[in-house]
Amino acid sequence: MKNINNYLAKVLNVPIQNVNTCSLHYEAKKIPKNQFLLQYGEICRHIFFVEKGLLKMYSIDKNGKEHIIQFAPESWLISDRSSLYFNEKSIYYIEAVEDSEILFLHPDFFNKLVEQFPNSIERSDFLLQKHIRSLQNRINSLLGETAEERYMKFIKMYPDLLLRVPQWMIASYLGITPESLSRVRKELARKNFVPDKK
């Protein structure tokens with residue numbers, strides 16, 4: 001489990017000689033493409049760590065339109081926190097975009113980590129605050145930025161996803177139509193076009 005071990009050691013400051021002991025608090029599963037880890041109306045019971053592959057979390061509106069909230073590639077965490085921590089029925093879906101290897105972290109995973117390795121509490125709190133900041137920035141982006149600005153932020157956040165997901169998924173994440181995304185990409189290509197001087 002290379003990615004989770006690196007995450008524990010480098011991100012959460014777990015001593016490298018102890019990372020394997022953390023496996024007591026998660027379960028590894030192979031999830032095929034298009035399989036759900038969470039569906040609307042269910043209560044989320046785990047935090048999901050992506051060892052390999054790609055997940056997406058989304059909602060579906062009353063017209064049947066999908067709205068992607070988050071992608072989770074390798075070494076990312078994803079969960080419906082409201083459902084997990086407040087025992088509420090989820091309004092989201094979490095689905096595998098690719099064949100994936102997922103670690104199902106127990107809800108108290110980080111608490112157990114802090115009990116065993118007190119030095120990790122600072123990093124754990126920092127990651128939570130960073131996640132909240134990211135969500136705030138995403139809301140602000142959807143409310144006030146142009147489609148082009150949102151697309152550039154998407155590239156910065158998910159640099160390896162452009163070739164891994166279809167254009168309609170990127171458009172869904174950005175809150176625009178695939179046609180609008182196509183226009184944005186064409187305009188960016190035009191702006192960055194350097195004519196041949198020969």
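Heads up: the structure comes first, above all this text.
What you see is a predicted model, and the numbers here were worked out from it, not measured in a lab. (Residues numbered from 1 in each chain as written. Predicted model: local features only at pLDDT ≥ 70, side-chain atom pairs only at ≥ 80, totals over all residues. Heavy atoms only, no water.)

Caption draft 1: Focus on unusual backbone geometry. Within the chain, Asn 34 stands out as a residue other than glycine whose phi angle is a positive 75 degrees. Relative to the helices and strands, Asn 34 resides in the loop between β1 (26-31) and β2 (36-38). A relative accessible area of 47% means that Asn 34 is categorised as partly exposed. A positive phi is found at Ser 75, a non-glycine position, where the angle reads about 70 degrees. With respect to the secondary-structure elements, Ser 75 resides in the loop between β5 (66-72) and β6 (77-78). Accessibility expressed as a relative area gives 28% for Ser 75, which makes it partly exposed. (Helix = DSSP H or I, 4+ residues; strand = E, 2+ residues; numbered from the N terminus. Buried < 20%, exposed > 50% of the residue type's maximum accessible area, 1.4 Å probe, protein only.)

Caption draft 2: View of the sheet that holds strand β4 (residues 55-60). Strand order in this open sheet of four strands is β2-β7-β4-β5, and the pairing throughout is antiparallel. The open sheet has two edge strands, β2 and β5, and neither has a second partner. Sheet twist, expressed as the mean angle between neighbouring strand axes with direction ignored, is 30 degrees. With four bridges connecting them, β4 and strand β7 (residues 93-96) associate as antiparallel partners. Looking across to β7, one finds that Leu 55 is bridged to Ala 96. Most of the contacts of helix α6 (residues 167-174) go to β5, to which it runs at about 100 degrees, and overall it touches β4 and β5. (Pairing = 2+ DSSP bridges. Axes fitted to C-alpha atoms, helices over the stretch in contact; angles between N-to-C directions. Contact = heavy atoms within 4.5 Å.)

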